[in-house]
Amino acid sequence: MAVALDLADIQGNILSAYGKLGFPKGRFITLHVSDPDAGRKFVTELLPGITTALRWPSHRKPAPPVPAEVRRPDVAVNIAFSFYGLCALDVPTRTLGKMPDEFVDGMMKRAPMLGDNFFPDWKDKWDDVWTAAKTARLTDRETVHILITLNAQMNPDGNAVAALQAKTDEIEALCKSLDHKVRVLPGHTHAGPGEEPARYQELSAIMIRMPDGTLVPSPQEHFGYTDAIGDPVFEGQYPLKTERAGAKGNGAFDGAGNWRPLAAGEFLLGYPDEAQEIAGAPMPLSFSRNGTFMAYRKLHQNVHAFRKFIDTTAADLAKVWGLPVADAGEVLIAKMAGRWSDGVPLARAPTVAAWKQFNAQYPGLDPRKDRRAYDEREHALRDFRYKDDPQGLKCPLTSHMRRVNTRDMLGPTPDAGSVLNNRRRILRRGLPYGDSSPGITDDKEHGIVMMVVCASLFRQYEFVQQQWINYGLDSSAGNDTDPLVGNHAKGVRAPNAKFVIASDPKTGRPPFIARDLPQFVETRGGEYFFVPSMTALRMIGMGTIDPT
Amino acid sequence: MPTFDGGHYFLTVLIPISTKHVQDGTTVTSPVHALRKRLDMLPTTADGPASAGGTSPSPFARNTRNHFARVAIIDDVAYNGRTVRDTLVSAALSTVLTDAQPQDHLHCPFLLVSVDFDAASGSDVERDSYLTELWNTMEGDLRAILTFCQGFDAQVKDAKSFAAYIAKCQLETTMSFNDYYIDDPKLPVWPATPFLWGGALSAIALLVGVAVTLFLLIAGWFTSSMQQWLPAAFGLSIVGLVALLLVVAAAYLSVMAAGRKPFPAASYATLPTVLKALHLQRVFTGFAIEHQMQAAGADAASAQQLYDGFKAFVAANKPDDLQAPTQPPGVIGI
């Protein structure tokens, strides 16, 4: 019997990446609760407006009418709590006591282990909101307790729909009505003297201006890569048919050539996971079930440094591998990520010629015009393995994508698939922020807010970050870190790093060692959050969590 | 997997810790408490890039035979709870489940020392020579720790008596681990053929003997003259059976004897060669980065520069010289 998820009980941001569903605008709000009663009222008031995972009716295929139907919102609203937020809301000690260590610690305390301590002054670079609490977090009035994420649809002029501001005003008014015993914590930049702290974290997909002057959201992030292609697919996440197709390349590989969706327990508490057990969770189970954990990470992208590095290094690569300089730039970008800038995987198209051929074979038209061609490309972008490339001649073992999702590798025999990977998958949600127009400098605000969702931050997210991104053992790369998002400022070649790109001996060209990789991505703040189910939110609001 | 394996001696020692209270500074405390504090104060391996060029503060890094040294305190053996028995059996034996079963405990805490070091053989001479070297390089550190162990102050005066003291506390190492094989070690093949032949022949003798004996017993009812062959056939069965048992026993003993033989030492598995390899690996990476553009150049000048560069690299790093330049022991440089 397949897992049937109670979609109405699960928050919508767990199962879906809103950015891809037509919500290219975002505003994230951080709050502090100084009185448990006010906090509970706040949660209860907000509850009816929280977006669940219920599927919205398709506007393409009219469905038979049902007794109650959920409407597609203009703004998707979701809520999450830090450990000290749950304390502030008087969640029982027995429930709090079973919360995982890393969640209690919070992200800043884990920074050295996560490799977020790029520079000696890393804490000073964080946004004020995450560093404002200077005393014990349990009592400090600046501790972040609640995160509200608003994801909004967009008008053709590129601005968020009016509902985004309306929802913001509603939250601000609610705080006011509670005598600011629940209050917004501003500081989503590192404000200099005299500068106004940013009240909210504003987010937006990067926009492309069409010939008719309208703006459409692009799936790219600031470095120019097409993002959010390889998210894991798990049981119950999609209708059965979609789930089977989606699992190809994004699920678990069984060693016999088949892919299946990952176990729901890897991403939601209260379900069997890839270890074939229901992992322990805070009691009562009705509080934990259908909830999960999330790492909120604001990642600044040094786009100027990245572009400069690519230009300099591509010239060297062109000489060593005998490529035209323009191609060398694209090759370098692709080798670092594991995908070409448009998302085509190196595993399927290892050369510039193969890349062009892939794009000719899978043109990937507008889904509204040709759904089949669109789906074919989407599947082709995901469905691949590393079986025939154990040495990383096509896709480097140390490329970003191959590090964070080892697919069919790491098993006892090549191509076997491995629980080592299946137990370390993470869902990625988030949107870019800021401007990265040509000529911009890296002291400006631009990057991505990434939200990592998984059932165990320790086992899944932190392992990937520590062992696969900031260490190279499983990629046979010694201490080399991830060329894109790894910590480049520590190690024997500090403050820069190196990245070795294997070369197919058939080409007669030597491997290329990209040198002096500066820090491309810097953490600018974040926290670990618990994303409760709708049941748990109701229990928090009513103060009826009975852990016995 | 014995105490000596693959060119390394795996020393396992359990030293009883004294149980008489001691004066430690201004407080009177238990020896195990004072000892644990000394262990916490022992400097460990230096790691991180900052220490890559420096020396290690760990006293174990002062000799060049140590691969790994681990020291731990065993306070007591763990109690795993009642030995569970089938409920019906317990009831039949009138077992009172609230009566505690006997529990095992140690009469004193023990200091566990586990070291693997380079050695030419598993002989006691090799062990004692290592312990002498250890005493000569870290006598003060060893005294500060072992003074809390039973009999140490009375028995140990010098390197020789230290080696004798440790030898008394040594246990056989039964699970050792080597990770320095670049290629599969060349292992002698167990000579299966003579045992298979011996086994087959004795089994055939046994089967033929039994078959003929049975045939004669049945046929003997009809023709008594055939019975004269019965003792010979029965004898053949016995000979076959005994031979088969002997072959099986010999094979078992031979396998066990082969299992006790240590694996051959891996190439380049001594600490100085490992340290030199780590040094060369790091500096050669730097060389490859600095010279990759020359390696890619097709002109004679690039080739000459590469040649000169490599010559200078070899001259500076002396790949054949294990002493220097090399990575200092006890330092993990990432």
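Above this text you will find the structure in question.
Residues numbered from 1 in each chain as written. Chains lettered and ligands numbered in written order. Predicted model: local features only at pLDDT ≥ 70, side-chain atom pairs only at ≥ 80, totals over all residues. Heavy atoms only, no water.

What to know about the overall build of chain B
Our working rule: Secondary structure elements follow DSSP: runs of H or I of four or more residues count as helices, runs of E of two or more count as strands, with numbering from the N terminus. Both definitions apply: the radius of gyration is a C-alpha atom measure, and the globule rule equals 2.2 Å times residues to the power 0.38. Three exposure classes are used, based on accessible area relative to the maximum for each residue type with a 1.4 Å probe and protein chains only: buried under 20%, partly exposed in between, and exposed over 50%. Two residues form a contact once any of their heavy atoms are found within 4.5 Å. All accessibility values rest on the Shrake-Rupley procedure with a 1.4 Å probe; residue burial counts only the protein chains present in the view.
Along the backbone of chain B there are nine helices and nine strands. The C-alpha atoms of chain B give 32 Å as radius of gyration, which overshoots the globular expectation for 334 residues (20 Å, by more than 25%). With respect to the principal axes defined by its C-alpha atoms, chain B has extents near 100 × 75 × 45 Å. The buried share of chain B, reckoned over its 334 residues, is 34%. A separation of at least 24 residues holds for 76% of the contacts in chain B among residues at least 6 apart in sequence. Surface summary for chain B: the accessible area is close to 20,400 Å², and the carbon and sulfur share equals 65%.

Regarding the interface of chain A and chain B
What counts is decided by this rule: Here's the idea: put two parts together, see how much 1.4 Å probe accessible area each one loses, and the total over both is what we call buried area. Throughout this description, the term salt bridge denotes a Lys or Arg side-chain nitrogen within 4 Å of a carboxyl oxygen of Asp or Glu. Each residue gets one of three labels, nonpolar for Ala, Val, Leu, Ile, Met, Phe, Trp, Tyr, Cys and Pro, charged for Asp, Glu, Lys and Arg, and polar for the others, Gly among them.
Taken together, the contact pairs 12 residues of chain A with 11 residues of chain B. Both sides together, the interface formed by chain A and chain B hides about 1,100 Å², and carbon and sulfur atoms give 65% of it. Looking at the side of chain A facing chain B, the largest losses of area belong to Val 492, Ile 513 and Arg 515 of chain A, adding up to 42% of the total buried there. Inspection of the region where chain A meets chain B yields one salt bridge. Of the residues belonging to the side of chain A that touches chain B, the class tally is five nonpolar, two polar and five charged.

Topic: unusual backbone geometry
With omega at 0°, the peptide bond leading from Met 283 of chain A into Pro 284 of chain A counts as cis. In this fold, Pro 284 of chain A is placed in the loop between β9 (259-260) and α10 (285-288). Geometrically, the link from Ala 324 of chain B to Pro 325 of chain B is a cis peptide bond, its omega value of -10° lying close to zero. One non-glycine residue, Asp 516 of chain A, lies in positive phi territory at about 55°. Turning to its location among the elements, Asp 516 of chain A is positioned in strand β14 (residues 512-517). Overall, the relative accessible area of 40% leaves Asp 516 of chain A in the partly exposed class. Even without glycine at this site, Ser 94 of chain B takes up a positive phi of about 55°. Within the secondary structure, Ser 94 of chain B is located in the loop between α2 (87-92) and β7 (110-118). With a relative accessible area of 57%, Ser 94 of chain B lands in the exposed category.

Brief notes about the pattern of salt bridges
Scanning the entire structure with this criterion turns up 43 salt bridges over all chains. Salt-bridge contacts for Lys 167 of chain A lead to Glu 170 of chain A; the nearest nitrogen and oxygen are separated by 3.1 Å. Taken together, the positions of Lys 167 of chain A and Glu 170 of chain A, both in helix α8 (residues 162-177) and three residues apart, correspond to about one turn of that helix. In this structure Glu 170 of chain A comes out as partly exposed when scored by relative accessible area, which is 42%. Residues Asp 75 of chain B and Arg 36 of chain B are paired through a salt bridge, measuring 2.9 Å at the closest nitrogen-oxygen approach. Here Asp 75 of chain B, found in the loop between β6 (66-74) and α2, pairs with Arg 36 of chain B, found in helix α1 (residues 31-41); they are 39 residues apart in sequence, far enough to count as distant. One network of salt bridges, in which partners are shared, links Asp 105, Lys 109, Arg 110 and Glu 462 of chain A.

A closer look at the environment of Gln 228 of chain B
Note that Gln 228 of chain B resides in the loop between α6 (192-219) and α7 (230-260). Once the C-alpha coordinates of Gln 228 of chain B and Leu 216 of chain B are considered, the two residues, 12 residues apart in sequence, prove to be 9.3 Å apart.

Concerning the environment of Phe 267 of chain A
All names here are of chain A. Mapped onto the elements of the fold, Phe 267 is located in the loop between β9 and α10. As for Phe 267 and Cys 454, which are separated by 187 residues in sequence, their C-alpha atoms are 4.5 Å apart. Not counting chain neighbours up to four residues away, the residues in contact with Phe 267 comprise Ile 14, Pro 232, Phe 234, Leu 262, Thr 292, Arg 425, Ile 426, Leu 427, Val 453, Cys 454, Ala 455 and Gln 460.

Details of the pairing of strand β2 (residues 75-81) of chain A
All names here are of chain A. Put simply, the rule is: At least two DSSP bridges between two strands are needed for those strands to be called paired.
The buried fraction of β2 is high, at seven of seven residues. Covered by surrounding structure in β2 are Val 75, Val 77, Ile 79 and Phe 81 together with Ala 76, Asn 78 and Ala 80, the residues of both alternating faces. Judged from the seven bridges that link them, β2 and strand β3 (residues 146-152) form a sheet pairing that is antiparallel. Following the sheet pairing, Asn 78 is matched in β3 by Thr 149.

A short note on the packing of helix α3 (residues 124-146) of chain B against helix α5 (residues 159-168) of chain B
All names here are of chain B. Put simply, the rule reads: To get an axis, fit a line to the C-alpha atoms, keeping to the stretch in contact for a helix; angles then go from 0 to 180 degrees between the N-to-C directions. Throughout, the term roughly parallel applies to angles under 35 degrees, roughly antiparallel to angles over 145, roughly perpendicular to angles from 65 to 115, and oblique to all others.
The contact between α3 and α5 brings their axes to 8 Å, and the two run at 90°. Relative to α5, α3 is oriented roughly perpendicular. Here Arg 127, Asp 128, Leu 131, Thr 132, Trp 135, Asn 136, Leu 142 and Leu 146 of α3 lie close against α5, whose contacting residues are Ala 159, Phe 162, Ala 163, Ile 166 and Ala 167.

Let's talk about the packing of helix α2 (residues 36-46) of chain A against helix α18 (residues 534-542) of chain A
All names here are of chain A. Test applied: Helix crossings get a hand from a simple test, with the near helix turned counterclockwise from the far one by less than a right angle marking a left-handed crossing and a clockwise turn marking a right-handed one.
With their axes 7 Å apart at the nearest point, α2 and α18 run at an angle of 140° to one another. Taken as axis vectors, α2 and α18 run oblique relative to one another. As for how α2 packs across α18, the hand of that crossing is left-handed. Across from Arg 40, Val 43 and Thr 44 in α2, the residues of α18 making contact are Leu 537, Ile 540, Gly 541 and Met 542. Classifying every residue of the contact of α2 with α18 gives four nonpolar, two polar and one charged.

Let's talk about the pairing of strand β13 (residues 497-501) of chain A
Walk down a regular strand and you will see the side chains alternate between the two sheet faces. Residue and element names in this part refer to chain A. Along β13, four of the five residues are buried, which leaves the element largely enclosed by surrounding structure. Direction of pairing for β13 relative to β14: antiparallel, over a ladder of four bridges. Looking across to β14, one finds that Ile 501 is bridged to Phe 512.

Observations regarding the packing of aromatic side chains
All names here are of chain A. This is how it is decided: The pairing test for Phe, Tyr and Trp rings, Trp by its six-membered ring, is centres within 6.5 Å, and the orientation test on the planes gives stacked under 30 degrees, edge-to-face over 60, and tilted for anything in between. The rule for a charge over a ring is simple: NZ of Lys or CZ of Arg within 6 Å of the ring centre, and within 35 degrees of the ring normal.
All chains considered together, the criterion is met by 35 aromatic pairs over all chains. Linked through ring pairs, Phe 83, Tyr 84, Phe 103, Phe 287, Phe 293 and Phe 530 together constitute an aromatic cluster. The residue whose ring lies beneath Arg 407 is Phe 384, and the NZ or CZ to ring-centre distance is 3.7 Å. The ring of Phe 463 carries Arg 424 above its face, with NZ or CZ at 3.9 Å from the centroid.

A word on the side chain of Thr 12 of chain B
Residue and element names in this part refer to chain B. The cut-off we apply is this: Whenever two N or O atoms come within 3.5 Å, that pair is a polar contact, provided that in protein one can donate a hydrogen and the other can accept it, and provided that, for residues adjacent in sequence, both atoms are side-chain atoms.
By the secondary structure assignment, Thr 12 is in strand β2 (residues 8-16). For Thr 12, a relative accessible area of 18% translates into the label buried. Within the structure, Thr 12 has its side chain in polar contact with the side chain of Thr 173 (distance 2.7 Å).

A closer look at helix α9 (residues 300-317) of chain B
All names here are of chain B. Where we set the bar: In this analysis, the expected span of each helix is defined as 1.5 Å times one less than the number of residues it contains. Here, the arc refers to the directions that run from the helix axis to the C-beta atoms.
Taking 1.5 Å as the rise per residue, α9 with 18 residues should run 26 Å; its terminal C-alpha atoms sit 26 Å apart, in good agreement. Along α9, the residues that are buried comprise Ser 302, Gly 309, Phe 313 and Asn 317. Along the axis of α9, the buried residues cluster in a sector spanning 45°; they form a single face. Within α9, the exposed residues directed more than 90 degrees away from the buried face are Ala 300, Tyr 307, Lys 311 and Ala 315. Buried residues belonging to α9 abut α8 (271-296). Directly beyond the C-terminal end of α9, a positive phi value near 40° is found at Lys 318.

Concerning a nonpolar patch on the surface
Residues and elements named next belong to chain B. For clarity, the threshold we go by: Patch membership needs two things, relative accessible area over 30% and no salt bridge, and members are linked within 9 Å if like-charged or within 5 Å if nonpolar (Val, Leu, Ile, Met, Phe, Trp, Tyr).
On the surface, Trp 197, Leu 201, Ile 204, Val 208, Val 212 and Leu 236 cluster together into a nonpolar patch covering about 560 Å² of accessible area. Per-element accounting of the nonpolar patch gives the leading share, five residues, to α6. Tracing the sequence through the fold places Ile 204 in helix α6.

Focus: empty space enclosed by the protein
Residues and elements named next belong to chain B. The following threshold applies: Points on a 1 Å grid, built from protein atoms alone, make a cavity when a 1.4 Å probe fits but cannot get out and make a pocket when they are open with protein on both sides within 12 Å along at least 5 of 7 lines; residues with an atom within 4 Å of a point are the lining residues. Grid points are joined across faces, edges and corners, and a volume is the space filled by probe spheres set on the points.
With the rule as written, the count across this model stands at three cavities of 30 Å³ or more. Considered as a void within the structure, the largest cavity measures approximately 170 Å³ in volume. Lining the largest cavity are 18 residues, and of these Phe 60, Val 71, Val 113, Leu 142 and Leu 146 sit closest to its centre. Secondary structure elements with two or more residues in the lining of the largest cavity: β2, β7, α3 and α5.

Things to note about the nonpolar core
Residues and elements named next belong to chain A. Operational definition: For our purposes a nonpolar core is just a set of buried Ala, Val, Leu, Ile, Met, Phe, Trp, Tyr and Cys residues, chained together by side-chain atoms within 4.5 Å.
Leu 31, Phe 42, Ile 148 and Met 336 are the most contacted members of the largest nonpolar core, which has 139 residues in total. Top element by residues in this core is helix α11 (residues 303-321). It accounts for nine residues. With sequence-adjacent residues up to four places away left out, Leu 31 is seen in contact with Phe 42, Thr 143, Val 144, His 145, Ile 146, Ile 148, Ile 171, Cys 175, Val 182, Arg 183, Val 184 and Leu 185.

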